[in-house]
Amino acid sequence: MRWRLLWLLCAAARWWGAGGKTLRGGFGSAAARLDPWRPVARFQFHGDHAVLCVRIKNVAAAVTKAARLHLFQAQEWQKLQNGIEDQSCTEKFSKAQLTMTVNHTEQNLTVSQIPYPETWYVFYVDKFTCEENYSESEDIQFEMVLLNPDAEGNPLDHFSAGESGLHEFFFLLVLAYFITACIYAQSLWQTLKKHGPMHTVLRVLTVALLLQAGSALANYLHFSSYSKDGIGVPFMGSLSELCDIVSQIQMLYLLLSLCMGWTIGRMKRSHGRPLQWDSTPTSTGIAVVVVVTQSFLLIWEQFEDTNHHSYHSHHGLACILWFLCHPCLATIAVIFREYQREKIITMGVILCQCISMVILYRLFLSHSLYWEVSSLSSVTLPLTVSSGHKTRHHF
């Protein structure tokens, strides 16, 4: 069942790495004319010395077609799109906040006097974009680099305002995982080797934790490369998404097992088999609701933001934290500015999941310790009570 659900989720999800801020491709007149309102890039500039750098190969073609780049602030562009006045294509593009004529091998455009970080759209326009008559022409091969100022004010930062701080966050997260592993790995391994009643659930929980750590490491490696070239390692971004989804499937399986009747107090389960279920109409109904809800949340998380990095499951309080933290944080983030939302959601979800892991480990390890003490007591104490009958002691 787990692998079928995983396959369905993978088929439905869109696998996106972090959208690179170093873009390569071709400016095509036909594509621009067919869909002139489709931006070639979007970026959240901040500071007074942000830069858009464009390099092209065939300058002659760019000059012949009067190639230009028009930059709009997101709010202004939305006003134009939703305006009551019926404006022509040319009139709309003439209201761009910034314009760059593409007629040199390499050109820079400085975006300055930005009061607060905001999304900007970059559109390619030439003399054929808004005209009915069109003749075939070659595409203009380009490389576009979008940069924000770093701490010293130099335009060298590839991260947009919405991504700033994520590299450092994932570094600290990986460091925290490493330190925690050094401290607790040996004791956890010893607990698993005892094959107590918590063996299976701790094993499932540990696999989910390792997948979460793998997702954090993949994100860190991706952002480390991204900070240097604005592209990163898209494979690492996709690997991070995969690890995160499989981890949530693991946690969904654990919660489903608990809902279907597998409880931490059952001592006689076979350790060689997965979690076993005792189904009743009530527990089956709860399990179905849980599966449908979590499946919807997983798919919604993938489609909710195409630039998601990675950015991006239990019993009691831990269940609520793990499964509902993403939609709750996404709702709360609406009150913040656009450039803050992704960071709030990404960091908040990961921290909530870490807290959930701590709660679960404390819960299951405490029951495992209780089982060890109970087993020891049943052997060492002189007076025991059998399950079949009661013994009276006469004084």
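Up top you'll find the structure we're talking about.
In this report, we go over the structure that sits alongside the text.

What counts and what doesn't
- Residues numbered from 1 in each chain as written.
- Predicted model: local features only at pLDDT ≥ 70, side-chain atom pairs only at ≥ 80, totals over all residues.
- Heavy atoms only, no water.
- Pairing = 2+ DSSP bridges.
- Helix = DSSP H or I, 4+ residues; strand = E, 2+ residues; numbered from the N terminus.
- Axes fitted to C-alpha atoms, helices over the stretch in contact; angles between N-to-C directions.
- Contact = heavy atoms within 4.5 Å.
- Salt bridge = Lys/Arg side-chain N within 4 Å of Asp/Glu carboxyl O.
- Buried < 20%, exposed > 50% of the residue type's maximum accessible area, 1.4 Å probe, protein only.
- Phe/Tyr/Trp six-rings, centres within 6.5 Å; stacked < 30°, edge-to-face > 60°.
- Polar contact = N/O pair within 3.5 Å; in protein donor to acceptor, adjacent residues only side chain to side chain.

Pairing within the open sheet is antiparallel, and its 4 strands lie in the order β2-β7-β4-β5. Each edge of the open sheet carries a strand with a single partner, namely β2 (41–45) and β5 (98–101). Sheet twist, expressed as the mean angle between neighbouring strand axes with direction ignored, is 25°. Pairing geometry for β2 and strand β7 (residues 118–125), over 5 bridges, is antiparallel. Residue pairing in the sheet places R42 in a bridge with Y121 of β7. Together, β4 (68–73) and β7 form the strand contacts of helix α4 (residues 74–82), whose direction differs from that of β4 by roughly 95°.

On to the pattern of salt bridges. Evaluation of the coordinates by the stated rule reveals 5 salt bridges. Between R55 and E143 there is a salt bridge, with the nearest N and O atoms lying 2.5 Å from each other. Residue R55 is located in strand β3 (residues 50–56), and its partner E143 is located in strand β8 (residues 140–149); the two are separated by 88 residues in the primary sequence. The class of R55 is partly exposed, set by a relative accessible area of 31%. By relative accessible area, E143 is classed as buried at 19%. With its nearest N and O atoms 3.8 Å apart, the salt bridge here joins E76 to K79.

Positionally, G232 belongs in the loop between α7 (199–229) and α8 (234–259). Since its relative accessible area comes to 12%, G232 is described here as buried. Along the primary structure G232 and L221 are separated by 11 residues, whereas in three dimensions their C-alpha atoms are 8.2 Å apart. Discounting residues that sit within four places of it in the chain, G232 has contacts with H222, S225 and Y226.

If you walk through the whole model with that rule in mind, you get 19 aromatic pairs. Between the aromatic rings of F159 and F223, the centroid separation amounts to 5.9 Å while the plane-to-plane angle is 45°, which identifies the pairing as tilted. With F159 in the loop between β9 (155–157) and α6 (166–193) and F223 in helix α7, this pair connects stretches of sequence that are 64 residues apart. Assigned by exposure class, F159 and F223 land together as buried. Taking the centre distance of 6.2 Å and the plane angle of 85° together, the rings of F223 and Y226 count as edge-to-face. Here Y226 and F223 lie together in helix α7, a separation of 3 residues that amounts to about one turn. F223 gets classed as buried once you look at its relative accessible area, which sits at 0%. Members of the aromatic cluster, each reached through a chain of ring pairs, are W37, F72, W77, F93, Y121 and F123.

Let us look at the side chain of Q107. Structurally, Q107 is set in strand β6 (residues 106–111). Owing to a relative accessible area of 15%, Q107 belongs among the buried residues under this scheme. Here N103 takes part through its backbone nitrogen, which lies 2.9 Å from a polar atom of the side chain of Q107. Only 3.2 Å separates the side chain of Q107 from the backbone nitrogen of H104, close enough to count as a polar contact. In this structure Q107 touches L52, C53, V54, M100, T101 and V102, once residues within four positions along its chain are discounted.

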